[in-house]
Amino acid sequence: MPATHASIVITTPARYMARLCNHFSHRVDVHREPDSARIEFPDARCKMTATEKQLEIHIEAEQPLTLERLEQVVTRHLKQVAAAETFDVAWERDDT
């Protein structure tokens, strides 16, 4: 299954993960713990882990085009919920 991941250095990663989960929970299933979360998109799943200094995001999708679209969607919405922050999101495709 195509997969991609990003490690985003951001202040209060758990806070922004929670905001992102809340944002997506209006449309898809979201399962959240204090330091991790899973978002169930149609034909894809997104797993997040918040460490002290960064937010780890891993996406697996049924199709490469879905994966590419979700990279853009997750990036855009993270930038919306963390608008006061300056950060980069660099996705790296997994070899699996």
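Scroll up a little and you will see the structure.
My aim in this report is to walk through the structure given alongside it, one point at a time. Values in this document were obtained by computation on a predicted structure and should not be read as measured data.

With that out of the way, let us pick up the overall build of the chain. When you go through the chain residue by residue, the secondary structure sums to two helices and six strands. Scaling as 2.2 N^0.38, a compact globule of 96 residues should have a C-alpha radius of gyration of about 12 Å, and the chain matches this with 12 Å. Overall, the chain is about 30 × 25 × 20 Å in size when its C-alpha atoms are taken along their principal axes. Counting over 96 residues, the chain shows a buried share of 39%.

Further remarks concern the sheet that holds strand β3 (residues 36–41). Reading across from one edge, β2-β3-β4-β5-β1-β6 is the order of the six strands in this open sheet, with antiparallel pairing throughout. Only two strands of the sheet have a single neighbouring strand rather than two, namely β2 (29–32) and β6 (92–93). Alignment of β2 against β3, held across four bridges, turns out to be antiparallel. Its bridge partner being in β3, D29 is matched across the sheet by E40. Each of β2, β3, β4 (44–50) and β5 (54–61) is contacted by helix α1 (residues 13–24), which is oriented at about 155° to β4, the strand it contacts most. Across the sheet, helix α2 (residues 64–81) is in contact with β1 (3–9), β3, β4, β5 and β6; its angle to β5 comes to roughly 150°.

Basis of the calculations
- Residues numbered from 1 in each chain as written.
- Predicted model: local features only at pLDDT ≥ 70, side-chain atom pairs only at ≥ 80, totals over all residues.
- Heavy atoms only, no water.
- Helix = DSSP H or I, 4+ residues; strand = E, 2+ residues; numbered from the N terminus.
- Rg over C-alpha atoms; globule rule 2.2 N^0.38 Å.
- Buried < 20%, exposed > 50% of the residue type's maximum accessible area, 1.4 Å probe, protein only.
- Pairing = 2+ DSSP bridges.
- Contact = heavy atoms within 4.5 Å.
- Axes fitted to C-alpha atoms, helices over the stretch in contact; angles between N-to-C directions.

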